[in-house]
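Below, each chain spelled out in residue letters.
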Amino acid sequence: MEPVLISPASFKLFGFIPTVLFSVLIPIAGVGLFTYIIARRLAPIVKANPDFRFDRPRERVINVLKIWLGQYRHPRYMMAGVLHIIIFFGFLILSVRSSELVVQGISGGFTMPGLGGVIGDIYYFFKDYAATAVFFAVVIAAVRRGIFRPARYHYPESYGHDHTNEAIFVLALIGTLMISESLYEACLVAAEIQAGHEATFLAPLTLAWLFKIIFSNASSTTLQTLHIVSFYVHDLTFFFFLCFLPMGKHFHVITSLFNVYFMRLERGNVRPVRYGVTDEELDDLESFGVKKFSDFTWKDILDFYTCADCGRCSDQCPANTVKRPLSPRFISIKARDYTFSHFPLSGEFIAQEPLIGDIYTEDEIWSCTTCGACEQECPIGIEYINKIVDLRRGMVDEGNVPQTLQKPLSSLEKRGNPYGKMEKKRADWTKELEDCEVKILDKKTSAETLYFVDSVSSFDERMQEVARATSQILCSAGVDFGILGKAEKDSGNEVKRFGEEMLFQDLKNQNTDAILNSGVKKIVTADPHAYNALKNEYSGLPPVEHISQTITKSVKSGRLRLTGVTEEEQDKVFTYHDPCYLGRHNDIYEDPRDAIDAIEGIRRVDMLKSRDRSFCCGGGGLMLFYEPEEEERMGVVRVKMAQEAGANVIVTACPFCLVNMEDAIKVAGLEGKMEAIDLGELIAAHIEK
């Protein structure tokens with residue numbers, strides 16, 4: 001049967017110009033230009049430092065299926081997430097049709113392999129609904145982005161213009177693709193009906209179905225014109241869109257698949273100073289950290305290209321919430337702008353300047369608590385902690401250290417703790433313990449379990465109570481344990497995130513030797529920062545456990561029996577604050593809650609921001625000793641969250657958090673109305689004698 005409309009492959013303009021010429025030239029020009037642009041965009045990646053991301057391919061493929069294809073993290077922001085999912089899957093479905101149309105411009109009867117029979121009928125049916133859904137999704141997204149503008153899209157004037165216009169322009173391009181494809185097909189079906197032929201089925205209530213109705217009475221000339229015009233509008237838009245993507249934030253349409261594949265597989269650790277350089281060879285390096293753009297790794301630059309400017313990272317960032325000079329998205333956006341300007345699409349590459357002072361400020365980089373909220377939220381695997389730490393390494397290497405942090409760093413170097421206290425006083429807190437013997441492990445004294453106390457619980461008078469409570473729990477649970485005493489050094493978790501790599505290596509080596517020489521078979525700590533360092537930054541140690549895990553296992557096994565709530569506690573409502581280095585960095589969320597709930601009759605509520613969205617207390621990354629510029633303390637914001645949840649007791653499982661929570665309660669004027677307590681203290685008070 002002869003087609004009722006002439007296809008783009010056979011149509012001639014003005015009776016003599018074959019349109020197939022355009023059908024060939026447009027793809028050649030589009031693909032050629034796209035290849036050139038991508039080649040230029042790859043230049044900074046090729047010139048960047050190495051980054052080892054080719055291990056564990058099975059896990060990486062699973063990440064792609066779950067996070068990229070499954071859009072796993074997008075619904076955490078429900079409306080934006082649903083819109084993105086519709087557009088994403090619509091694009092995947094319609095990419096087959098768009099590719100088919102490109103070839104049909106050259107060979108009119110072409111059908112994608114496998115789409116000629118029943119499978120093709122099913123595909124074309126769902127394709128029409130996909131195009132319609134995408135069209136309405138982009139309309140809603142454009143209204144939302146252009147008129148309502150969620151706060152997380154806010155763009156400070158000092159950073160230049162925002163990306164609203166670009167976003168709406170891209171949405172318009174997507175809408176044009178949906179309309180042109182639907183119109184192209186509708187004109188053909190309308191012509192088939194007019195000619196009395198068996199018409200191709202169009203899914204009801206779709207754009208194509210609607211266009212078929214609108215143009216059902218149009219003349220054959222009108223239908224032919226619309227058929228050809230809609231094809232070339234689609235063809236031109238398709239290849240223009242392809243070449244436009246690498247020009248701005250929509251580069252993530254291309255790079256996100258690769259970025260998710262190469263995303264970090266482990267949390268809690270910081271990448272080495274340089275891949276391929278052992279700890280013993282660090283002394284041979286002439287420079288540490290990131291000082292200029294080429295010091296970044298190729299994965300860093302892929303991150304910059306992939307940032308979609310969605311603002312989710314900054315929306316969850318506690319530093320940004322309290323108006324510190326840090327917004328994670330701008331770490332990526334400013335670097336991407338720098339890449340585009342210094343590695344232009346034409347001409348020579350431009351010489352690089354120091355990053356600190358040129359695109360980043362010192363306060364911006366020091367403001368990060370390394371809590372990991374930004375990385376947990378990013379739907380396409382962008383990393384920030386490694387970049388922040390590398391930039392700090394560069395500043396430390398140049399001697400550029402905040403005044404308030406110089407003294408604790410010097411004390412760590414001299415005494416192994418940030419307080420400058422004598423090493424022999426590390427075990428002084430044990431003197432006030434009753435009915436519990438704490439061994440000091442040495443050549444003559446051994447134990448099965450090491451209680452690693454760390455600096456804050458060893459020397460801070462208030463936090464020593466946490467150390468004593470932890471010891472009482474271990475004694476009551478029948479654990480054979482001891483401490484290293486003066487042989488213990490600071491775990492170095494904050495030192496590493498501060499960027500003082502050589503000091504961290506020294507602390508790690510001393511602790512490793514002391515632990516291995518003690519002969520213990522297991523390590524327990526009540527400090528999530530120590531837990532994180534020992535578990536994720538050290539190597540060759542016995543298994544490490546947080547005290548919350550010990551409590552829960554001991555209660556379930558019956559080795560630890562707890563009493564119910566006291567009369568005084570009956571009027572109290574408890575809430576658990578997830579420490580960043582226990583929760584987000586190590587996925588320990590339920591053990592502390594199970595330990596609290598083991599106290600019969602206790603009333604516990606969760607704050608709005610809890611578990612992997614917990615709000616940082618502000619103590620990570622050596623921040624206990626830093627005096628940042630901020631409108632409100634992070635701890636104060638967190639205490640108010642607890643109050644809004646209806647709680648009057650904040651339970652945490654981290655001495656850093658406890659320091660900040662107790663201080664925040666005073667600053668917020670809630671003394672007498674709110675209290676903070678460590679998980680170990682709560683459990684120790686309920687141990688059945």
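Preceding block: the structure.
Here goes a summary of the coordinates provided. Please read these numbers as outputs of a predicted model, since none were measured by experiment.

This next bit is on the overall build of the chain. In terms of helices and strands, the chain carries 26 helices and eleven strands. Each principal axis of the C-alpha atoms in the chain carries an extent, and together these give about 100 × 60 × 45 Å. Taking all 689 residues of the chain together, the buried fraction comes to 56%. Pairs at least 24 residues apart make up 78% of the contacts formed inside the chain by residues separated by at least 6 positions. Looking at the chain as shown, the accessible area adds up to about 29,600 Å², and 57% of this sits on carbon and sulfur atoms. The centroid of the 74 positive side-chain charges in the chain is displaced by 1 Å from the centroid of its 90 negative side-chain charges.

Here we come to the sheet that holds strand β10 (residues 649-652). Remark on secondary structure: sheet strands pair via backbone hydrogen bonds, oriented parallel or antiparallel. Strands sit in the order β9-β8-β10-β11 across an open sheet of four strands; the sheet is parallel. The outermost strands of the open sheet, each flanked by one partner alone, are β9 (604-605) and β11 (675-678).

The two faces of the sheet receive side chains in turn, since in a regular strand these alternate between them. Across three bridges, the pairing between strand β4 (residues 449-451) and strand β6 (residues 522-525) is parallel. Counted as the bridge partner of tyrosine 451 is valine 524 from β6. Of the pairings in the sheet, the one linking β6 to strand β7 (residues 544-546) comprises three bridges and is parallel in character. Its bridge partner being in β7, isoleucine 523 is matched across the sheet by valine 544. A crossover connection joins β6 to the parallel β7 through helix α21 (residues 528-537); in handedness this β-α-β unit is right-handed.

Topologically, aspartate 428 is positioned in the loop between α16 (403-415) and β3 (439-440). Residue classification places aspartate 428 among the partly exposed residues on the basis of a relative accessible area of 30%. When the C-alpha positions of aspartate 428 and phenylalanine 459 are compared, they lie 8.5 Å apart, and in sequence the two are 31 residues distant.

With that out of the way, let us pick up the packing of helix α8 (residues 252-261) against helix α9 (residues 298-306). Contact pair α8 / α9: the axes reach a minimum separation of 8 Å and the direction vectors enclose 140°. Put simply, α8 runs oblique to α9. You can see that α8 and α9 cross each other, and the crossing is left-handed. Touching His252, Thr255, Ser256, Phe258 and Asn259 of α8 are Lys299, Leu302, Asp303, Tyr305 and Thr306, all from α9.

Turning next to the pairing of β10. Taking every second residue as pointing to the same face, both faces of β10 are buried, with Val649 and Val651 on one and Ile650 and Thr652 on the other. Two elements, strand β8 (residues 574-577) and β10, share four bridges in a ladder whose sense is parallel. Bridge assignment links tyrosine 576 to a residue of β10, and that residue is valine 651. Bridge count for β10 against β11 is four bridges, and the pairing is parallel. Across the sheet, residue threonine 652 finds its bridge partner in β11, namely aspartate 678. Regarding topology, helix α25 (residues 655-667) serves as the crossover connection from β10 to the parallel β11, and that connection is right-handed.

Here helix α15 (residues 385-397) spans 18 Å end to end across 13 residues, near enough to the 18 Å set by a 1.5 Å rise per residue. With twelve of 13 residues buried, α15 is to be regarded as a mostly interior element. Of the surrounding elements, those touching the buried residues of α15 are α9, α12 (328-342), α13 (362-366), α14 (373-377), α19 (493-498) and α20 (501-518). Two residues or fewer past α15, glycine 399 is found with a positive phi of approximately 75°.

Let us look at the packing of helix α5 (residues 164-194) against helix α7 (residues 220-244). Running from N to C, α5 and α7 cross one another at 150°; their axes reach a closest spacing of 8 Å. Looking at the two axes, α5 sits roughly antiparallel to α7. The interaxial crossing formed by α5 with α7 has left-handed handedness. Among the residues making up the contact of α5 with α7, the classes are represented as 19 nonpolar, eight polar and two charged.

A few words now on the pattern of salt bridges. Under the defined criterion, the tally for this structure stands at 56 salt bridges. Glutamate 100 is the partner of arginine 97 in a salt bridge, and the nearest nitrogen-oxygen pair spans 2.7 Å. Of this pair, arginine 97 and glutamate 100 both sit in helix α3 (residues 78-104), three residues apart, roughly one helical turn. In this structure glutamate 100 comes out as buried when scored by relative accessible area, which is 1%. Of the charged contacts, one joins lysine 292 and aspartate 295 as a salt bridge, the two residues approaching to 3.7 Å between their closest N and O atoms.

Let us now look at the state of the cysteines. Scanning all chains against the criterion turns up one disulfide. Cysteine 436 shares a disulfide with cysteine 475; S-S distance 2.0 Å. Here the disulfide of cysteine 436 and cysteine 475 is right-handed, its torsion about the S-S bond being about 70°. In this pair, cysteine 436 sits in the loop between α16 and β3 while cysteine 475 sits in helix α18 (residues 461-476), placing the two residues 39 residues apart along the sequence. Residue class for cysteine 436 comes out buried when judged on its relative accessible area of 12%. Residue cysteine 475 is classed as partly exposed on the basis of its relative accessible area, which comes to 27%.

According to the stated counting rule, one finds 33 aromatic pairs in the structure shown. Seen from their ring centres, tryptophan 366 and phenylalanine 498 are 4.9 Å apart, and the 25° between their planes marks the pair as stacked. Of this pair, tryptophan 366 sits in helix α13 while phenylalanine 498 sits in helix α19, and the two are 132 residues apart along the sequence. What links up through ring pairs into an aromatic cluster is the set Phe293, Phe296, Phe304, Tyr338, Phe343 and Phe349. In this structure, arginine 41 packs its charged tip against the face of phenylalanine 340, placed 3.7 Å from the ring centre. Between arginine 145 and the ring centre of tyrosine 153, over which it is positioned, the NZ or CZ distance is 4.0 Å.

Before going further, it helps to spend a moment on the side chain of serine 471. With respect to the element layout, serine 471 can be found in helix α18. Owing to a relative accessible area of 0%, serine 471 belongs among the buried residues under this scheme. Once residues within four sequence positions are removed from consideration, serine 471 is found in contact with Trp429, Leu433, Cys436, Val438, Tyr451 and Phe481.

Attention now moves to a nonpolar patch on the surface. Together, Val61, Leu65, Leu69, Phe89 and Leu92 make up an exposed nonpolar region whose accessible area comes to about 380 Å². Sorting the residues of the nonpolar patch by element identifies α2 (57-69) and α3 as the ones contributing at least two each. Among the elements that take part in the nonpolar patch, α2 stands out by supplying three residues, more than any other. Locating leucine 92 in the fold gives a position in helix α3. Exposure remark for leucine 92: the relative accessible area of 33% places this residue in the partly exposed category.

Cut-offs and rules
- Residues numbered from 1 in each chain as written.
- Predicted model: local features only at pLDDT ≥ 70, side-chain atom pairs only at ≥ 80, totals over all residues.
- Heavy atoms only, no water.
- Helix = DSSP H or I, 4+ residues; strand = E, 2+ residues; numbered from the N terminus.
- Buried < 20%, exposed > 50% of the residue type's maximum accessible area, 1.4 Å probe, protein only.
- Contact = heavy atoms within 4.5 Å.
- Areas by Shrake-Rupley, 256 points an atom, 1.4 Å probe, with all protein chains shown as cover.
- Lys, Arg positive; Asp, Glu negative; His and termini not counted.
- Charge placed at Lys NZ, Arg CZ, Asp CG, Glu CD.
- Pairing = 2+ DSSP bridges.
- Right-handed = clockwise from strand over helix to strand, strands pointing away.
- Axes fitted to C-alpha atoms, helices over the stretch in contact; angles between N-to-C directions.
- Parallel < 35°, antiparallel > 145°, perpendicular 65-115°, else oblique.
- Left-handed = near helix turned anticlockwise from the far one by under 90°.
- Expected span 1.5 Å × (residues − 1).
- Nonpolar A, V, L, I, M, F, W, Y, C, P; charged D, E, K, R; others polar.
- Salt bridge = Lys/Arg side-chain N within 4 Å of Asp/Glu carboxyl O.
- Disulfide = S-S within 2.5 Å.
- Phe/Tyr/Trp six-rings, centres within 6.5 Å; stacked < 30°, edge-to-face > 60°.
- Lys NZ or Arg CZ within 6 Å of the ring centre and 35° of its normal.
- Patch = residues over 30% accessible without salt bridge, like charges linked within 9 Å, V, L, I, M, F, W, Y side chains within 5 Å.

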